[in-house]
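Listed below are the residues making up each chain.
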Amino acid sequence: MPITLEQLNHAPLAEAAQMLDGLYEHSPWIAQQALAQRPFASLAALKHAMVTVLAQADVDAQLALIRAHPELAGKAMVSQSLTAESTNEQTKAGLTNCTPAEFAHIQQLNADYNAKFGFPFILAVRGPRGTGLTKREIIATFERRLGNPVDFERAECLRNIHRIAEIRLNDKFGFEPAIGNAVWDWHEDLARHSDPGFAEQGQLTVTYLTDAHRACAADLAARMRECGFDEVNIDAVGNVVGRYLGTSPQAPALLTGSHYDTVRNGGKYDGRLGIFVPMACVRHLHAQGRRLPFAFEVVGFAEEEGQRYKATFLGSGALTGHFNPAWLDQQDAEGVTMRAAMQHAGLPATPDAIHALKRDPSKYLGFVEVHIEQGPVLNEMDLPLGVVTSINASVRYLCEAIGMASHAGTTPMDRRRDAASAVAELALYAEQRASADGNSVATIGMLQVPGGSINVVPGRCLFSLDLRAPSDAQRDALERDILGQLRAICERRGIGLKTEETMRAAAAPSAPAWQARWERAVDAQGVPLHRMPSGAGHDAMKLHEVMPQAMLFVRGLNSGISHNPLESTTSDDMELCVNAFSHLLDQLATEHQP
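Below, the structure is looked at part by part. Since we're looking at a predicted model, the values are computed, not measured.

Reading the values: the criteria
Residues numbered from 1 in each chain as written. Predicted model: local features only at pLDDT ≥ 70, side-chain atom pairs only at ≥ 80, totals over all residues. Heavy atoms only, no water. Helix = DSSP H or I, 4+ residues; strand = E, 2+ residues; numbered from the N terminus. Expected span 1.5 Å × (residues − 1). Buried < 20%, exposed > 50% of the residue type's maximum accessible area, 1.4 Å probe, protein only. Contact = heavy atoms within 4.5 Å. Core = buried A, V, L, I, M, F, W, Y, C linked by side-chain atoms within 4.5 Å. Phe/Tyr/Trp six-rings, centres within 6.5 Å; stacked < 30°, edge-to-face > 60°. Lys NZ or Arg CZ within 6 Å of the ring centre and 35° of its normal. Polar contact = N/O pair within 3.5 Å; in protein donor to acceptor, adjacent residues only side chain to side chain. Axes fitted to C-alpha atoms, helices over the stretch in contact; angles between N-to-C directions. Parallel < 35°, antiparallel > 145°, perpendicular 65-115°, else oblique. Left-handed = near helix turned anticlockwise from the far one by under 90°. Nonpolar A, V, L, I, M, F, W, Y, C, P; charged D, E, K, R; others polar. Salt bridge = Lys/Arg side-chain N within 4 Å of Asp/Glu carboxyl O.

## Some thoughts on unusual backbone geometry
One can expect most non-glycine residues to show negative phi and most peptide bonds to be in trans. Cis peptide bonds are those with omega within 30 degrees of zero, and the linkage from Arg38 to Pro39 qualifies with 0°. Locating Pro39 in the fold gives a position in the loop between α3 (29-34) and α4 (43-56). At Asn558, a residue that is not glycine, the phi angle is positive and equals roughly 55°. By the secondary structure assignment, Asn558 is in the loop between β16 (549-554) and α22 (571-591). Located in the positive-phi region is His563, a residue other than glycine, with phi close to 55°. The residue His563 is located in the loop between β16 and α22 in this model.

The following block contains the structure:
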């Protein structure tokens, strides 16, 4: 029979420890020490108690725990001396059924890993969904993590051990994150759509109004209807809008959502998590036959990333009345204008139709957004959720340095007008300038020498600038110094310069009342409250211009990497996020009872 929290909380210590036996491989001391924190309000609270115990242990104890784990497809598996839990996990991942070539490759990886780190490779082979990683995924992760520094890899092993324990704990309690699993599956299903040239390589790329983008919109609209939304439509810029009606038609609505477009070769959760989580909340409300005192509007924003056109935050900007009609004449890399792309998608492509999308802020309570963190903080702290205090101010430029192409062998160093070297000099300055400025960041993420050749001094260099800081004033000072240095570098080197500002966003501090609601929602899940700024920009930045907003972050795996195929999170964390969002809705319902 499954264990219950009530049984665990009230059992004598020895009996309670026996209930938790096997969570950590041959290391019962972790669960035993965690039991001192009883009673536990939730499974999530119990999980974090064990995380805390291990975090407070010394390095020797942590290493002993890691070394207590068997190698994947190792000698213990061959001799059938694994614990029952490890046998179950390696079997589910197919490691007990390797081909001779796969087995030999894993054995070599084990040897290389142990030689470098001095402890075995640990991976939660049941994966983020709990149903098992494939052998291909396991081997690819093994190969990738061999390149990590030792201290980082030790911490990564511990994080995977906690994930193993989380899944084992779920099994003991008979708990399945059914809502989280559904949301996880929705992400997987939507990720089958990808732009040509990327789909063939198994990469996820969905840019504005491509066939893949329009297929995503159609799928989102269909799933919203399945979840029970009363009104669903695709608007004049391609936003997918679902509305779940409330009991008071005249009451202001709650607005939420995020974007469904992606960067090139991106991840499955960036943006989309903020659409699917509230959809899961609506599905639950609809299944209960329950209405809120206010309408609940969920928007899948069509364009946030600015990948096909220079129109970042296009979808959310249309709702705030900040669509620039000049964008309609922009051309993509194939020469297709935005107007033509809209018309091809069956959208009106007129400024008047787009302007009509502008929302009246008086008809909304505010805007909230859920998002994967896109950073390492929650992952390193082993926390599933984080409450956002503010979104950093940012500005972006596309630039071109124009020098003179010349022969690499015959042009003396003091006669060169090397455009790429000018940008390289700027990159080092930008790194130093941002590092000296608390929480500011500066990035040259795109750097291209058109028509470059190994024996030619670069005559042109195209590059981007991405500058971010916690406040508008700090961003402006960073921008002023870096652009000033860029002009000075180019003048000294005899280099021409073109700069084009493509995006500017003000800092967006969370509205105190809305941040407090998220904090209460997180606290209700039994996990520690962590407040944090957002270094990344989000659609909430645009809505912040017209109404109060606040965000909730969800932990990412793989050091929180985002804009990358390795972007991931677990169905357990998704379930906690849905529960937190539902709690926020309940708070609002209580506040707005007639």
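## Considering α4
Taking 1.5 Å per residue, 14 residues should reach 20 Å; α4 reaches 20 Å between its end C-alpha atoms and fits that length. Judged by how many residues are buried, α4 sits mostly within the fold: 11 of 14 residues are covered. Within α4 the residues assigned to the buried category are Leu43, Ala44, Ala45, Leu46, Lys47, His48, Ala49, Met50, Val51, Val53 and Leu54. Buried residues along α4 sit against α1 (5-10), α3, α5 (59-67), α10 (150-173), α17 (377-381) and α22.

## A few points about the nonpolar core
Judged by nonpolar contacts, the single largest core of 79 residues is most densely connected at Leu254, Met338, Met342 and Trp518. Among the elements that line this core, the one with the most residues is α22, at 10 residues. With residues near it in sequence (within four places) discarded, Met342 still touches Tyr208, Leu209, Ala236, Val237, Phe323, Leu328, Leu347, Ala349 and Ile354. Counting 51 residues, the second largest nonpolar core, distinct from the first, contains Tyr24, Ile106, Phe117 and Ile164.

## A short note on the packing of aromatic side chains
A full pass over the atoms with the stated rule returns 11 aromatic pairs. Ring geometry for Tyr113 against Phe142: centres 5.9 Å apart, planes inclined by 80°, an arrangement best described as edge-to-face. With Tyr113 in helix α8 (residues 100-117) and Phe142 in helix α9 (residues 135-145), this residue pair connects regions lying 29 residues apart in the sequence. Like Tyr113, the residue Phe142 is buried in the burial classification. Taking the centre distance of 5.4 Å and the plane angle of 90° together, the rings of Trp518 and Phe581 count as edge-to-face. Within this pair, whereas Trp518 is found in helix α20 (residues 512-523), its partner Phe581 is found in helix α22, the two being separated by 63 residues in sequence. For Phe581, a relative accessible area of 0% translates into the label buried. Aromatic ring contacts, followed pair by pair, group Tyr113, Phe117, Phe119, Phe121 and Phe142 into a single cluster. Positioned above the aromatic ring of Phe152, the side-chain terminus of Arg159 is 5.5 Å from the ring centre. Residue placement shows Arg517 over the ring face of Trp514; its charged tip is 4.4 Å from the ring centre.

## Brief notes about helix α13 (residues 273-288)
End to end, α13 covers 23 Å across 16 residues, agreeing with the expected 22 Å (1.5 Å per residue, within 8%). Taken residue by residue, α13 has Leu273, Gly274, Ile275, Phe276, Val277, Pro278, Met279, Ala280, Cys281, Val282 and Leu285 as its buried positions. Positive backbone phi, approximately 70°, marks Gly289, located one or two places after α13.

## Considering the side chain of Thr256
By the secondary structure assignment, Thr256 is in strand β3 (residues 253-259). In this structure Thr256 comes out as buried when scored by relative accessible area, which is 0%. One polar contact links the side chain of Thr256 to the main-chain carbonyl oxygen of Val368, over a distance of 2.6 Å. Setting aside its immediate chain neighbours within four residues, Thr256 contacts Pro278, Phe296, Glu297, Val298, Val299, Phe367, Val368, Glu369 and Phe581.

## Quick notes on the packing of α8 against α9
Where α8 meets α9, the closest approach of the two axes is 10 Å, and the angle between their N-to-C directions is 25°. Our classification of the angle between α8 and α9 gives roughly parallel. Where α8 crosses over α9, the two elements pack in a sense that is left-handed. For the pair α8 and α9, contact is made by Glu102, His105, Ile106, Leu109, Asn110, Tyr113 and Phe117 and by Lys135, Ile139, Phe142, Glu143 and Arg145, respectively. Of the residues contributing to the contact of α8 with α9, the split by class is six nonpolar, two polar and four charged.

## Digging into the packing of helix α11 (residues 178-190) against α22
The geometry of α11 relative to α22 is characterised by a closest axis approach of 7 Å and an angle of 110° between their N-to-C directions. Here α22 runs roughly perpendicular to α11, going by the angle between their axes. Of α22, the residues touching α11 (which contributes Ala178, Ile179, Gly180, Asn181, Val183, Trp184 and His187) are Ser571, Met574, Glu575 and Val578. Broken down by class, the residue content of the contact of α11 with α22 amounts to six nonpolar, four polar and one charged.

## Examining the environment of Ala253
Relative to the assigned elements, Ala253 resides in strand β3. Look at Ala253 and you get buried, because its relative accessible area is 0%. For Ala253 and Glu297, which are 44 residues apart along the polypeptide, the C-alpha to C-alpha distance reads 6.8 Å. Apart from the residues within four sequence positions on either side, Ala253 is in contact with Arg243, Ala295, Lys363, Tyr364, Leu365 and Gly366.

## As for the pattern of salt bridges
Applying the stated criterion across every chain, the model contains 41 salt bridges. Glu400 is the partner of Arg460 in a salt bridge, and the nearest nitrogen-oxygen pair spans 2.7 Å. A residue pair is termed long-range when its members are at least 10 positions apart, and Arg460 in strand β12 (residues 460-469) and Glu400 in strand β7 (residues 393-402) qualify at 60 residues. Residue Arg492 pairs with Glu425 through a salt bridge whose shortest N-O separation is 2.5 Å. One end of the pair, Arg492, is in helix α19 (residues 472-493); the other, Glu425, is in helix α18 (residues 419-435), and 67 residues separate them in sequence. When salt bridges that share partners are traced, they join Asp189, Arg192, Asp219, Arg223 and Glu226 into one network.

## Section: the environment of Trp514
Within the secondary structure, Trp514 sits in helix α20. Residue class for Trp514 comes out buried when judged on its relative accessible area of 5%. Distance in space between the C-alpha atoms of Trp514 and Glu102 is 52 Å, their sequence separation being 412 residues.

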